[in-house]
Amino acid sequence: MKTLLRLFKRDKVTFSLNIVGLVLGIGCFVSLQLYISNERSFDEFHSNSEELYRMTIYAEAGGREYKSAIIHGYWEQLLENQVQGIAKATKLVSVQSDISLRAENKITVAPQGTGFYVDEDFLDLFQFEALQGDPTSFLSGPGALVITEELALKIFDRTDVMGENLIFNDGDDNAVQIAGVLKNLPENSHIQFDYLITGSTFPEFWDETAQLKGGSFTAYMYFETERQADMQSIQTAIEELRLKHFQDYFQFPILPVTDIHFKADSLFEHTTAGNESFVNTLELISYFLIVIAIINYIILSSSQMFKRAKEIGIRKSLGAGKASLISYLMLEAILLSLLAGIVGIGLIHYVLQEVFPLLFDVELSLMSNPMTIVYILLFCLVVGFISGSIPALRISGLQVIPSLKGMGNRPTKGLSGNSVLVIAQFAFTFFVVIGTYMVTKQLFYLKGKDLGYNKEAVINISRSSGASLEQWKQFLDKIENQHYTESVGTTLYEFIGDYNGNYVSVIDGADTSWISVQWNGIDERIIETMDLNLIEGTNFNPSENDDSTSIILNRAAAEKLNVDNLVGRVASSSIPTGDQGKIIGIVENFHFQSFDKEIIPIALFFHKNDNWKRNALVKFKTTNYSEVLPEIEQAWFDAGIEDPFNYRFLDSWFEQLIANEQRLGRLVITFSVMCVLIACLGLVGLVRYNMAGERKKIGIRKVFGASVLSILKRVNTQFLLRIGIAVIIAIPISVYGISLWLDNFA
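Residues numbered from 1 in each chain as written. Predicted model: local features only at pLDDT ≥ 70, side-chain atom pairs only at ≥ 80, totals over all residues. Heavy atoms only, no water.

Points about the overall build of the chain
The number of helices and strands found in the chain is 21 helices and 26 strands. A burial count over the chain gives 51% of its 746 residues as buried. For the chain, contacts bridging at least 24 residues in sequence account for 79% of all contacts bridging at least 6. Carbon and sulfur atoms form 55% of the exposed surface of the chain, whose accessible area is close to 33600 Å². (Helix = DSSP H or I, 4+ residues; strand = E, 2+ residues; numbered from the N terminus. Buried < 20%, exposed > 50% of the residue type's maximum accessible area, 1.4 Å probe, protein only. Contact = heavy atoms within 4.5 Å. Areas by Shrake-Rupley, 256 points an atom, 1.4 Å probe, with all protein chains shown as cover.)

Here's the deal with helix 5 (residues 149-156)
L151, A152, I155 and F156 are the residues of helix 5 that are buried. End-on view of helix 5: buried residues confined to an arc of 105 degrees, all on one side of the axis. The inward-facing, buried residues of helix 5 contact strand 6 (99-103), strand 7 (106-110), strand 9 (144-148), strand 10 (165-169), strand 11 (173-182) and strand 12 (195-198). Phi for D157, located one or two positions after helix 5, is positive at around 65 degrees. (Arc of directions from axis to C-beta.)

Looking at the environment of I527
As for its position among the elements, I527 is in helix 16 (residues 526-529). The class for I527 is buried, based on a relative accessible area of 9%. For the pair I527 and N539, spaced 12 residues apart in sequence, the C-alpha separation works out to 7.7 Å.

Observations concerning unusual backbone geometry
Although it is not a glycine, A457 sits at a positive phi angle of roughly 55 degrees. Within the secondary structure, A457 sits in the loop between helix 14 (415-448) and strand 16 (458-462). Judged by its relative accessible area of 11%, A457 falls in the buried class. Here D531, not a glycine, exhibits a phi torsion of approximately 55 degrees, which is positive. Its place among the elements puts D531 in the loop between helix 16 and strand 20 (534-537).

A closer look at the pairing of strand 8 (residues 115-118)
Side-chain alternation along strand 8 places G115 and Y117 on one buried face and F116 and V118 on a second face that is also buried. Where strand 8 lies against strand 12, four bridges are found, and the strand directions are parallel. Residue pairing in the sheet places F116 in a bridge with L196 of strand 12. (Pairing = 2+ DSSP bridges.)

Notes on the nonpolar core
If you look at the biggest cluster of nonpolar residues, it comprises 77 residues, and the most contacted ones within it are W75, L79 and F122. Ignoring sequence-local partners within four residues, the contact set of F122 consists of T90, L92, F128, L139, I191, F193 and L196. Core analysis: the second largest hydrophobic core is formed by 64 residues, F288, A333, L352 and C380 among them. (Core = buried A, V, L, I, M, F, W, Y, C linked by side-chain atoms within 4.5 Å.)

Remarks on the side chain of D523
If you trace the backbone, D523 turns up in the loop between strand 19 (511-522) and helix 16. A relative accessible area of 1% means that D523 is categorised as buried. Only 2.8 Å separates the side chain of D523 from the side chain of T490, close enough to count as a polar contact. Not counting the four nearest positions on each side in its chain, D523 is found in contact with V488, G489, T490, F540, F606 and H607. (Polar contact = N/O pair within 3.5 Å; in protein donor to acceptor, adjacent residues only side chain to side chain.)

Let's talk about the pattern of salt bridges
On inspection of all chains with the given rule, the structure shows 20 salt bridges. Among the salt bridges present, the one from E129 reaches K183, with a minimum N-O distance of 2.9 Å. Linking E129 in the loop between helix 4 (122-125) and strand 9 with K183 in the loop between strand 11 and strand 12, this pair joins segments that are 54 residues apart in sequence. On the accessibility criterion, K183 (32% relative accessible area) is partly exposed. With its nearest N and O atoms 2.8 Å apart, the salt bridge here joins E164 to R158. E164 sits in the partly exposed class, given a relative accessible area of 23%. You can call R158 partly exposed: its relative accessible area is 26%. What you see here is one network of salt bridges that share partners, running through E480, D523, E524 and R525. (Salt bridge = Lys/Arg side-chain N within 4 Å of Asp/Glu carboxyl O.)

Side note on the packing of helix 15 (residues 469-480) against helix 18 (residues 625-638)
Close contact between helix 15 and helix 18 brings their axes to 9 Å; oriented N to C, the two are set at 145 degrees. Relative to helix 18, the crossing made by helix 15 is right-handed. Residues W472, Q474, F475, K478 and I479 of helix 15 touch helix 18, and the partners they reach there are I632, A635, W636 and D638. Of the residues assigned to the contact of helix 15 with helix 18, the class counts are six nonpolar, one polar and two charged. (Axes fitted to C-alpha atoms, helices over the stretch in contact; angles between N-to-C directions. Left-handed = near helix turned anticlockwise from the far one by under 90°. Nonpolar A, V, L, I, M, F, W, Y, C, P; charged D, E, K, R; others polar.)

Things to note about the packing of helix 2 (residues 12-39) against helix 11 (residues 322-360)
Packing of helix 2 against helix 11 leaves a shortest axis separation of 7 Å and a crossing angle of 45 degrees. Comparing their axes, helix 11 and helix 2 come out oblique. Crossing of helix 2 over helix 11 shows right-handed handedness. Packed against helix 2, whose contacting residues are F15, N18, I19, L22, V23, L24, I26, G27, V30, S31, L34 and Y35, the element helix 11 presents L336, S337, L339, A340, G341, V343, G344, L347, I348, V351, L352 and F356 at the interface. Of the residues that constitute the contact of helix 2 with helix 11, the class distribution is 18 nonpolar, six polar and no charged. (Parallel < 35°, antiparallel > 145°, perpendicular 65-115°, else oblique.)

Examining helix 2
Look at helix 2: 40 Å from first C-alpha to last across 28 residues, which is about the 40 Å you get at 1.5 Å a residue. With 21 of its 28 residues buried, helix 2 lies for the most part within the structure. (Expected span 1.5 Å × (residues − 1).)

Thoughts on a nonpolar patch on the surface
A surface patch of nonpolar side chains, about 440 Å² in accessible area, is lined by M371, V374, Y375, L378 and L381. Relative to the elements of secondary structure, V374 occurs in helix 12 (residues 371-396). (Patch = residues over 30% accessible without salt bridge, like charges linked within 9 Å, V, L, I, M, F, W, Y side chains within 5 Å.)

A look at the environment of V673
Among the secondary structure elements, V673 is positioned in helix 20 (residues 659-703). The exposure class assigned to V673 is partly exposed, which follows from its relative accessible area of 45%.

Brief notes about the environment of Y220
By secondary structure assignment, the location of Y220 is in strand 13 (residues 217-225). Judged by its relative accessible area of 5%, Y220 is buried. Spatially, the C-alpha atoms of Y220 and E76 are 9.9 Å apart, while their sequence positions differ by 144 residues. Excluding its chain neighbours within four sequence positions, the residues that come into contact with Y220 are A69, I70, T90, K91, L92, S94, F116, F268, E269 and H270. There is a polar contact of 2.5 Å between the side chain of Y220 and the backbone oxygen of F268.

Section: the confidence of the model for the chain
Any residue range with low pLDDT should be treated as having predicted coordinates unsuitable for detailed reading. Across the chain, pLDDT averages 82, with 87% of residues at or above 70. Within the chain, the element-level pLDDT minimum falls on helix 13 (residues 400-404), averaging 53, and the maximum on strand 1 (residues 52-55), averaging 96. A low-confidence stretch, residues 408-415 (pLDDT under 50), is modelled with 16 contacts involving residues beyond four sequence positions or located in other chains. (pLDDT = per-residue confidence, 0-100.)

Comments concerning the pairing of strand 9
By the criterion of burial, strand 9 is predominantly enclosed, with five of the five residues buried. Every second residue of strand 9 is oriented toward a common face, with A144, V146 and T148 on one face and L145 and I147 on the other, all of them buried. Summarising the sheet, strand 9 and strand 11 pair through five bridges and their orientation is parallel. Bridge pairing links V146 to G180 in strand 11. Two strands pair when backbone bridges link them, and strand 9 and strand 12 are joined in this way by three bridges, in the antiparallel orientation. Along strand 12, the bridge assignment pairs I147 with Y195.

Take a look at the structure:
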């Protein structure tokens with residue numbers, strides 16, 4: 001403590017600059033590393049994470065690929081019973097409709113995609129923590145419902161709800177019992193849900209998912225291997241079963257659960273894929289931050305080299321050796337770094353608790369692992385050692401006689417090393433600044449990008465499971481004729497997100513052109529409601545009897561089919577409307593998935609079946625939503641629907657499409673500002689010292705008539721030269737790095 005007080009009293013400004021620079025550097029570096037560690041530790045909280053795998057499907061035909069996260073449920077019994085080395089297999093099926101949960105005269109709607117039908121052994125493989133009880137016993141038999149703590153509070157306003165009965169309405173009323181309550185799931189779990197219900201509650205449906213004949217590709221498939229299992233043997237056995245039970249062009253890759261977060265690039269993923277390049281970018285910035293902070297300390301400490309010359313000369317004349325001087329100076333740096341670390345822990349805690357959730361939608365805790373603080377302090381020791389070593393070696397090398405004579409009042413050759421450090425520091429900083437500019441520019445481009453449809457003043461309303469078909473039709477009829485409604489269109493699947501998968505083939509002479517597509521069912525008003533650009537052919541016409549089998553493709557599908565005069569041709573498919581249909585139109589491509597995915601072929605089928613009208617897209621004439629939405633809600637209840645009224649603005653969906661990129665932009669901008677600030681602290685300290693050495697010279701020059709401009713030019717030339725060199729170094733590296741990052745966008 002005495003050493004730190006002595007350093008403070010000797011030069012308050014330099015001491016403060018050093019502390020602030022190290023606090024910012026260490027605090028930002030550790031905060032980013034905690035975020036990066038969280039991203040790279042997905043699903044590792046399961047004690048058996050190294051034994052957990054997921055199976056997906058891959059097919060290739062005609063040079064075209066099809067990848068899907070959902071596969072045939074029959075694989076469960078094949079894996080569990082016929083593959084040596086696999087201990088357990090389990091399947092889960094996403095609940096793809098809004099579910100009404102009725103309890104104690106209160107109805108809560110669980111949106112589609114927030115729950116799973118599961119096998120009874122699901123919680124044996126995935127070890128989520130329960131509020132009370134043993135989670136492995138929760139899913140025991142039909143009618144068992146497991147909910148999260150958050151959903152329990154929504155339904156009952158309390159969490160001690162085990163044994164409570166409620167009605168699970170998925171179109172029919174099903175009496176279920178809450179068998180367990182899980183703690184809210186960790187954010188670094190790729191599986192996220194609000195509830196689980198045993199598939200055996202619906203025996204006909206659940207048995208069908210597991211049948212080879214008559215079954216479908218609807219299940220997410222996971223398995224747990226025995227410890228030290230031979231993965232090569234397991235893959236060989238899976239290949240043999242594939243050839244025996246499935247068509248040749250199907251492949252079934254397996255992926256460790258811990259790798260899914262960064263490799264979730266298949267159709268129908270139930271998780272938002274992490275962006276590995278995004279994490280790597282942040283890691284690079286974190287290293288730049290700490291390097292800039294260390295260089296900053298070296299520059300500031302070295303700039304004190306001649307100011308401390310007399311002190312060093314006196315210590316040497318009193319018998320201090322070089323080793324003892326180095327130890328003394330190193331101790332100063334380490335103590336300063338530890339002080340910065342202690343202050344930095346407070347900064348880190350604040351950043352994680354207040355800044356990260358607000359700006360980056362991430363909740364992390366410094367106190368979740370007490371050893372983290374120990375690691376931070378050990379890291380500070382390393383930073384202190386590195387940042388103190390160069391100044392200690394340089395200052396301890398001063399000669400005794402020149403030092404005692406005060407030959408340290410002006411910078412001499414010793415500052416040439418500082419010039420290199422300043423150039424390096426600003427090269428790093430300019431690299432980050434240029435990168436930040438390009439990231440920001442890309443984000444503005446994405447926000448202003450033509451999506452292929454109009455997202456403004458449009459909401460999506462999904463038919464809840466508690467709404468009968470007649471009630472839903474009555475509701476749609478009522479809102480369609482209101483003064484605030486411009487148009488109403490309906491779809492089978494939500495307009496933004498994954499559609500269903502299928503194929504479309506067209507006979508072209510002796511050849512058949514085949515492509516995989518995602519398909520959706522729409523009515524004739526969707527093209528008008530969403531302002532889709534019909535570039536060829538016609539829209540659906542409900543008065544035409546054959547329109548139930550008509551098809552509209554997007555440009556990507558038309559280009560991949562590569563058939564002349566495509567409109568008017570008969571195409572084959574296997575959707576519920578029929579095996580064949582006529583292609584009547586082509587629409588311009590539109591974005592319905594994340595921007596890091598290439599726009600894929602889409603087939604839009606006309607639905608006359610009212611059961612296909614599960615989602616309504618309502619386009620308003622006005623943006624006075626506070627007046628319009630209550631009227632729509634009243635129409636909902638007037639139709640006799642008891643479920644709560646839920647809606648979603650389409651532009652909020654769009655924000656989700658670029659959520660990863662927006663998060664990257666906020667992180668990069670925030671921490672690049674820190675880089676610039678730390679670099680400027682070092683520059684301020686260096687300028688301050690140099691100006692102190694030049695004071696007499698400037699006075700003499702002014703006496704002899706030098707102008708203020710000439711003095712400024714002389715003083716600033718050396719700094720501008722260093723910064724110019726840094727810019728020249730940073731530009732080509734930045735251009736290369738940004739080009740790699742932009743490759744992630746389709």
